Amino acid sequence: MRTALTELVGVRHPVVQTGMGWVAGPRLVSATARAGALGILASATMTPERLREAVREVKSRTDEPFGVNLRADAGDARERVRIIIDEGVKVASFALAPSKDLIAELKDAGVVVIPSIGARRHAEKVAAWGADAVVVQGGEGGGHTGDVATTVLLPQVVDAVDIPVIAAGGFHDGRGLVAALAYGAAGIAMGTRFLLTSDSTVPDAVKARYLAAGVKDVTVTTAVDGLPHRMLRTEMVASLERAGRVRALAQAVRRAAGFRRISGLGWSRMARDGLAMRHGRDLSWSQVLLAANAPMLLKASMVDGRTDLGVMASGQVAGVIEDLPGCAELVERVMAEAHAALGTVTRALAPSPEAPPRPSPPPGDGAAVR
């Protein structure tokens, strides 16, 4: 299946595995790439040195194209961009809109730039700045998300920009891919579906918690970092929502210190990142501090397997996913389902051989309309 996405990045299938923090590491990304889809390495929870090692590890496992996801507002974003360029990574994706200068630097080096956006105006902005494509995430998507459904947001963006649009939020199978293509998208991006594969390094106990969830077990809360965050509803989430401000801030300081040790970031760098996070958003300083807490809460579940202490970002599709295929099996299944769905649509649109021919309209009564 050839689309504007496959032509742009050189993959065989119009499917993207999103850059999920603590989840999208070298094993998952290389397995996705070998399956013919576009794997995206998550770098926000890595030091620059670890990012370079991870890129080289993926390259040692596959020659297929892959990408790296960056935080555009991070204080060391330019250093990470330099690593991407130096290591010959094909795609740079961004969780927030990168600056015009950053886009230009990447494009001048031959890197394909694909920001993720959640509003039409953001897509128009990055397209005007030279982005090669955009990932459009509707409210069904996991992690930080908006409140506009993919079925409403996607056609808005497709109509607004003339670059390839990749649909995210609510996708897990081939029928979704065909639906996205019908809206005008060039492919789909999936996070939760790739998290729930045998190639994902997420601990088995955490995967089991996802598989046991129903659609109504996935909620949106601002208790983690002050921004709308879609995740599984657990006792940990409930306790964060019940916690008073003083207790929440004390927990945030402790976990922020832990993230500082793991990430290698100094307090001054974390403060600058906090200022960037606060810019343009209606966040109190206490909410900015809570945001530093989020990476450690995610790590507790996605790395340490502590479903009682961590949070589990999740798209609504967790409620309909029931198995853990490998990436190769998953992508093959999605494409087989997509071709089957296309066949069903084609047959539905074909005229019935039993239907009598329609008479021609009389002259002067719409005969020119075909």
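All values derive from a computational prediction rather than experimental measurement. (Residues numbered from 1 in each chain as written. Predicted model: local features only at pLDDT ≥ 70, side-chain atom pairs only at ≥ 80, totals over all residues. Heavy atoms only, no water.)

Asker: If you had to explain the side chain of Thr150 to someone new, which residues and values would you point to?
Answerer: The topology assignment puts Thr150 in helix 7 (residues 150-160). Given the relative accessible area of 5%, Thr150 is considered buried. Polar contacts involving the side chain of Thr150 include one to the main-chain carbonyl oxygen of Ala168, which spans 3.3 Å. Discounting chain neighbours no more than four positions away, the residues touching Thr150 are Gly138, Gly139, Glu140, Pro155, Ala168, Gly169 and Phe171. (Helix = DSSP H or I, 4+ residues; strand = E, 2+ residues; numbered from the N terminus. Buried < 20%, exposed > 50% of the residue type's maximum accessible area, 1.4 Å probe, protein only. Polar contact = N/O pair within 3.5 Å; in protein donor to acceptor, adjacent residues only side chain to side chain. Contact = heavy atoms within 4.5 Å.)

Asker: I'd like a rundown of the sheet that holds strand 11 (residues 229-232), residues and numbers included.
Answerer: One open sheet holds the 3 strands; their spatial order is 7-11-10, and the pairing between them is antiparallel. Where the open sheet ends on each side, the last strands, each with one partner, are strand 7 (143-144) and strand 10 (218-221). Where strand 7 lies against strand 11, 2 bridges are found, and the strand directions are antiparallel. Its bridge partner lying in strand 11, His144 is registered against His229. (Pairing = 2+ DSSP bridges.)

Asker: Any details on the layout of surface pockets? Residues and values, ideally.
Answerer: By volume, the second largest pocket is sized at about 310 Å³. Contributing to the lining of the second largest pocket are 20 residues, with Trp22, Gly25, Pro26, Met46 and Arg50 lying nearest its centre. Looking at the lining of the second largest pocket, the elements with two or more residues in it are helix 2 (26-34) and helix 3 (48-61). Residue classes in the lining of the second largest pocket are distributed as 11 nonpolar, 5 polar and 4 charged. (1 Å grid on protein atoms, 1.4 Å probe; cavity = no way out; pocket = protein on both sides within 12 Å on 5 of 7 lines; lining within 4 Å. Points joined across faces, edges and corners; volume = space filled by probe spheres on them. Nonpolar A, V, L, I, M, F, W, Y, C, P; charged D, E, K, R; others polar.)

Asker: I'd love a proper account of the nonpolar core, names of residues and values included.
Answerer: Nonpolar side chains in soluble globular proteins generally cluster together in the buried interior. One finds Val157, Tyr210, Met302 and Val311 to be the most contacted residues of the largest nonpolar core, which totals 61 residues. When residues in this core are grouped by element, the largest group, 7 residues, is from helix 15 (residues 327-349). In this structure, Ala77, Ile85, Ala92 and Val113 belong to the second largest nonpolar core, which totals 25 residues. (Core = buried A, V, L, I, M, F, W, Y, C linked by side-chain atoms within 4.5 Å.)

Asker: Can you lay out the packing of helix 4 (residues 77-86) against helix 5 (residues 100-108) for me, pointing to particular residues and giving the numbers?
Answerer: Running from amino to carboxyl end, helix 4 crosses helix 5 at an angle of 15 degrees, the nearest separation of the two axes being 10 Å. The angle between the axes of helix 4 and helix 5 places the two elements in the roughly parallel class. Classified by chirality, the crossing of helix 5 by helix 4 is right-handed. Where helix 4 abuts helix 5, its residues Ala77, Arg78, Val81, Arg82, Ile84 and Ile85 lie against Asp101, Leu102, Glu105 and Leu106. Its residues assigned to classes, the contact of helix 4 with helix 5 shows 6 nonpolar, no polar and 4 charged. (Axes fitted to C-alpha atoms, helices over the stretch in contact; angles between N-to-C directions. Parallel < 35°, antiparallel > 145°, perpendicular 65-115°, else oblique. Left-handed = near helix turned anticlockwise from the far one by under 90°.)

Asker: With reference to specific residues and values, describe the environment of Ala160.
Answerer: Positionally, Ala160 belongs in helix 7. The class of Ala160 is partly exposed, set by a relative accessible area of 25%. A C-alpha to C-alpha distance of 7.2 Å links Ala160 and Arg120, two positions 40 residues apart in sequence. Dropping the residues within four chain positions of it, Ala160 is found in contact with Arg120 and Glu124.

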